[in-house]
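Chain by chain, the residues:
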Amino acid sequence: MLTPAEQFDALQARGAAFLGTEFAIMGGAMSWVSERHLVAAISNAGGFGVIACGAMPPALLEAEIAGTQALTDKPFGVNLITMHPDLEDLVRICVRAKVGHVVLAGGIPPGPALRAVKDGGAKLIAFAPALVLARRFVKFGVDALVIEGSEAGGHIGPVSLSVLAQEILPHIREVPVFVAGGLGRGEAILGYLEMGASGAQLGSRFAASAESIAHPNFKNAFIRANARDAIPSIQLDERFPVIPVRGLVNAGTKRFLQHQAETLAKFQSGELDKTAAQLAIEHFWAGALRRAVIDGDVENGSVMAGQSVGMVTKVQSVPEILQELKAQAIAALDARAAQARAAQARAAGMGRAEGF
Ligand SMILES: Cc1cc2nc3c(=O)[nH]c(=O)nc-3n(C[C@H](O)[C@H](O)[C@H](O)COP(=O)(O)O)c2cc1C
């Protein structure tokens with residue numbers, strides 16, 4: 001019979017083998033946060049760090065990969081946003097630098113980029129927002145999928161992880177599936193592993209870690225916040241779409257509503273045409289994540305955070321976070337084994353009392 005620790009290892013074995021790590025836990029790529037130090041710290045601690053390329057130009061990404069390779073000899077990945085204008089160049093840089101895993105995020109990955117990753121020999125990870133797309137990606141030859149629920153920090157889809165997991169996990173066995181969004185404790189990760197996930201991706205807990213370069217104000221905002229403070233951006237008018245981004249409510253999020261109302265008034269009065277009004281709305285948040293993460297302006301910047309932020313209670317080191325998640329999962333398995341033993345003992349006792 002397997003011990004709880006062995007059971008946990010067996011449950012995460014497929015994901016860990018795919019990533020080449022001890023833990024089947026990916027550090028979700030976070031623009032401005034997931035740079036060489038945090039990525040290397042996650043990989044060195046047995047997880048899988050992922051560089052967030054975000055809007056970086058190719059030369060910067062190349063330097064970030066080299067910088068990460070100088071800090072760790074463990075596997076790590078690179079997350080590329082599909083609408084980046086130099087996407088194919090970025091893929092070439094990853095392949096040339098022998099990055100083992102490329103994650104394509106932020107929309108349906110275009111065919112040429114998918115092929116460039118595969119032809120270059122890197123493992124390809126894509127985000128599947130629905131079962132039909134998961135099946136299409138598998139058919140294309142994607143090596144693993146991430147299903148990210150709307151509980152997550154940053155840009156989000158409309159469906160929660162608990163629903164996506166039920167929709168997708170029972171049907172996709174061909175490739176490992178990693179779950180993301182709102183995960184802060186090992187018991188929850190264990191639950192999804194038992195449903196068929198191969199591993200998990202966490203963002204917010206690592207953003208507030210000791211090794212994260214995020215400004216102390218950013219980490220303190222995470223420590224203070226509850227799950228209910230991390231809400232999606234609000235769209236005022238359906239004619240002017242706002243991409244939903246989950247982050248902490250602050251003066252900036254309140255001013256964004258006001259800015260939308262003022263822009264709408266300008267559109268209605270004819271001062272702005274539709275395109276100019278849409279652009280004015282989109283530009284509101286330009287540079288805002290950097291302002292919060294790097295400059296520490298958590299009142300006016302964009303403090304992207306998942307609902308898991310409520311489970312960030314202090315600054316912890318990355319190894320401590322990973323060990324804590326594992327210990328929570330194992331403790332849950334342990335408690336279950338104890339319950340089963342107690343139930344068996346009760347049944348045996350009843351049997352004796354009834355003369356069986
Ligand atoms: C500050 C921040 C920035 C993020 N930036 C990105 C990004 O650039 N690309 C991406 O694919 N996901 C991004 N995400 C999502 C994370 O990779 C991860 O999937 C998410 O944080 C998981 O939810 P959790 O925070 O509840 O753990 C970001 C999340 C946060 C909190």
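Everything discussed here concerns the structure shown above.
The shown structure was predicted, so the numbers you read here are calculated from the model rather than taken from an experiment.

Basis of the calculations
- Residues numbered from 1 in each chain as written.
- Predicted model: local features only at pLDDT ≥ 70, side-chain atom pairs only at ≥ 80, totals over all residues.
- Heavy atoms only, no water.
- 1 Å grid on protein atoms, 1.4 Å probe; cavity = no way out; pocket = protein on both sides within 12 Å on 5 of 7 lines; lining within 4 Å.
- Points joined across faces, edges and corners; volume = space filled by probe spheres on them.
- Nonpolar A, V, L, I, M, F, W, Y, C, P; charged D, E, K, R; others polar.
- Near = heavy atom within 4 Å.
- Polar contact = N/O pair within 3.5 Å; in protein donor to acceptor, adjacent residues only side chain to side chain.
- Areas by Shrake-Rupley, 256 points an atom, 1.4 Å probe, with all protein chains shown as cover.
- Helix = DSSP H or I, 4+ residues; strand = E, 2+ residues; numbered from the N terminus.
- Buried < 20%, exposed > 50% of the residue type's maximum accessible area, 1.4 Å probe, protein only.
- Contact = heavy atoms within 4.5 Å.
- Phe/Tyr/Trp six-rings, centres within 6.5 Å; stacked < 30°, edge-to-face > 60°.
- Lys NZ or Arg CZ within 6 Å of the ring centre and 35° of its normal.

Considerations on empty space enclosed by the protein
The full count for this structure, using the stated rule, is one cavity of 30 Å³ or more. What the largest cavity holds in volume is close to 30 Å³. In terms of lining residues, the largest cavity is bounded by R205, A208, M311, V312, T313, K314 and Q316. Among the residues forming the lining of the largest cavity, the class breakdown is three nonpolar, two polar and two charged.

Quick notes on the site of the ligand
In the vicinity of the ligand lie 20 residues, with A29, S31, E148, S204 and S308 positioned nearest. A distance of 2.8 Å separates an oxygen atom of the ligand from a polar atom in the backbone of G203. The contact in question runs from an oxygen atom of the ligand to an N or O atom on the side chain of S308, over 2.7 Å. In the complex, the protein chains occlude 95% of the 610 Å² of accessible area that the ligand would expose alone.

A short note on the side chain of Q328
Tracing the backbone through its elements, the reader meets Q328 in helix α15 (residues 318-353). Q328 gets classed as buried once you look at its relative accessible area, which sits at 11%. Polar side-chain contacts of Q328 include one of 2.8 Å to the backbone nitrogen of G186. Not counting residues within four places of it along the chain, the set of residues in contact with Q328 comprises G184, R185, G186 and E187.

Describing the packing of aromatic side chains
On inspection of all chains with the given rule, the structure shows six aromatic pairs. With 4.8 Å between their ring centres and 35° between their planes, F218 and F222 make a pair best called tilted. With F218 and F222 both in helix α11 (residues 216-224), this residue pair falls four residues apart, about one helical turn. Since its relative accessible area comes to 1%, F222 is described here as buried. Stacked on the ring of F240, the Lys or Arg K274 has its end atom at 5.4 Å from the ring centre. Over the ring of W32 we find R290, and its NZ or CZ is 5.1 Å from the ring centre.

Focus: unusual backbone geometry
Unusually for a residue other than glycine, W32 sits at a positive phi of about 70°. Non-glycine residue K98 carries a positive phi angle of around 60°. Relative to the helices and strands, K98 is located in the loop between α5 (87-96) and β4 (101-105). For K98, a relative accessible area of 72% corresponds to the exposed category.

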